[in-house]
Amino acid sequence: MKISTRGRYALRFMIDLAQHASSEYTSLRDISRRQEISVKYLEQITSLLSKFGLLLSVRGPQGGYKLAKKPSEYTVGEILRITEGDLAPVACLTTPENTCPRKENCATLSLWEGLSKVINDYLDSKSLEDLVSLVRGEDCIEYCI
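Report on the accompanying structure. Treat the numbers as computed from the prediction; the structure is a model and nothing was measured. (Residues numbered from 1 in each chain as written. Predicted model: local features only at pLDDT ≥ 70, side-chain atom pairs only at ≥ 80, totals over all residues. Heavy atoms only, no water.)

Looking only at helices and strands, the protein chain features six helices and two strands. Taken from N to C terminus, the helices and strands of the protein chain fall in the order α-α-α-β-β-α-α-α. Its C-alpha atoms give the protein chain principal-axis dimensions of about 60 × 40 × 25 Å. Across the 145 residues of the protein chain, 35% fall into the buried class. Restricting the contact set of the protein chain to residue pairs at least 6 apart, pairs at least 24 apart contribute 61%. Put simply, the protein chain has 19 plus and 19 minus side-chain charges, and the middle of one group is 6 Å from the middle of the other. (Helix = DSSP H or I, 4+ residues; strand = E, 2+ residues; numbered from the N terminus. Buried < 20%, exposed > 50% of the residue type's maximum accessible area, 1.4 Å probe, protein only. Contact = heavy atoms within 4.5 Å. Lys, Arg positive; Asp, Glu negative; His and termini not counted. Charge placed at Lys NZ, Arg CZ, Asp CG, Glu CD.)

This part covers the pattern of salt bridges. A complete count under the given rule lists six salt bridges for this structure. One salt bridge connects Asp 30 with Arg 33, and the closest N-O pair in it is separated by 3.2 Å. Taken together, the positions of Asp 30 and Arg 33, both in helix α2 (residues 28-35) and three residues apart, correspond to about one turn of that helix. (Salt bridge = Lys/Arg side-chain N within 4 Å of Asp/Glu carboxyl O.)

What follows covers the packing of aromatic side chains. Under the defined criterion, the tally for this structure stands at two aromatic pairs. Look at Phe 13 and Tyr 65: their rings are 6.4 Å apart centre to centre, the planes differ by 75°, and that puts the pair in the edge-to-face class. In this pair, Phe 13 is assigned in helix α1 (residues 5-19) and Tyr 65 in strand β2 (residues 64-67), connecting sequence segments 52 residues apart. Each member of the pair, Phe 13 together with Tyr 65, is buried. In this structure, Lys 66 packs its charged tip against the face of Tyr 25, placed 4.6 Å from the ring centre. Residue placement shows Lys 69 over the ring face of Tyr 74; its charged tip is 4.7 Å from the ring centre. (Phe/Tyr/Trp six-rings, centres within 6.5 Å; stacked < 30°, edge-to-face > 60°. Lys NZ or Arg CZ within 6 Å of the ring centre and 35° of its normal.)

Those residues of α2 that fall on the buried side of the exposure criterion are Leu 28, Ile 31, Ser 32 and Gln 35. What you see down the axis of α2 is that its buried residues fit within an arc of 105°, all on one side. Relative to its buried face, α2 has exposed residues pointing more than 90 degrees away, namely Arg 29 and Arg 33. Contacts made by the buried residues of α2 are with α1, α3 (39-51) and β2. Positive backbone phi, approximately 55°, marks Glu 36, located one or two places after α2. (Arc of directions from axis to C-beta.)

This paragraph deals with the side chain of Thr 46. Structurally, Thr 46 can be placed in helix α3. At 3.4 Å, the side chain of Thr 46 and the side chain of Tyr 65 are in polar contact. Here Thr 46 is in contact with Phe 13, Leu 28, Leu 55 and Tyr 65, once residues within four sequence places are set aside. (Polar contact = N/O pair within 3.5 Å; in protein donor to acceptor, adjacent residues only side chain to side chain.)

With respect to the helices and strands, Gln 35 occurs in helix α2. Judged by relative accessible area, Gln 35 falls into the buried class, the value being 15%. Setting aside residues up to four positions removed in sequence, Gln 35 forms contacts with Arg 12 and Asp 16.

Dropping the structure here:
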């Protein structure tokens, strides 16, 4: 499994919004400049994130974007599933019910199910706030030595 540019940029975009959170809306132009991501690409990402209720937006000269919730209320898994789609490592796990005709005789199914659980549990255990803290050097995502 590889996370695409869209998923990586969506996380950078959300971290930037969280870092610069205020009562004001932040323009895409400002985020584009800070993150070195084109405004066009950010427009695609914000469209997806807005559609799923992760962002608030206002049009116009004083417009822009801000988070709809506190950074602690977003998980990395949620953001990546919106931008990447399903995070399953194999096709037979992309739907709620595995319809693979070989599932009863599949020697590797439990391996893929375990990997999928580890991936999703890990990404869902990390919040946007965790990433912001990491960027600020306030906390470590894994072990601090």
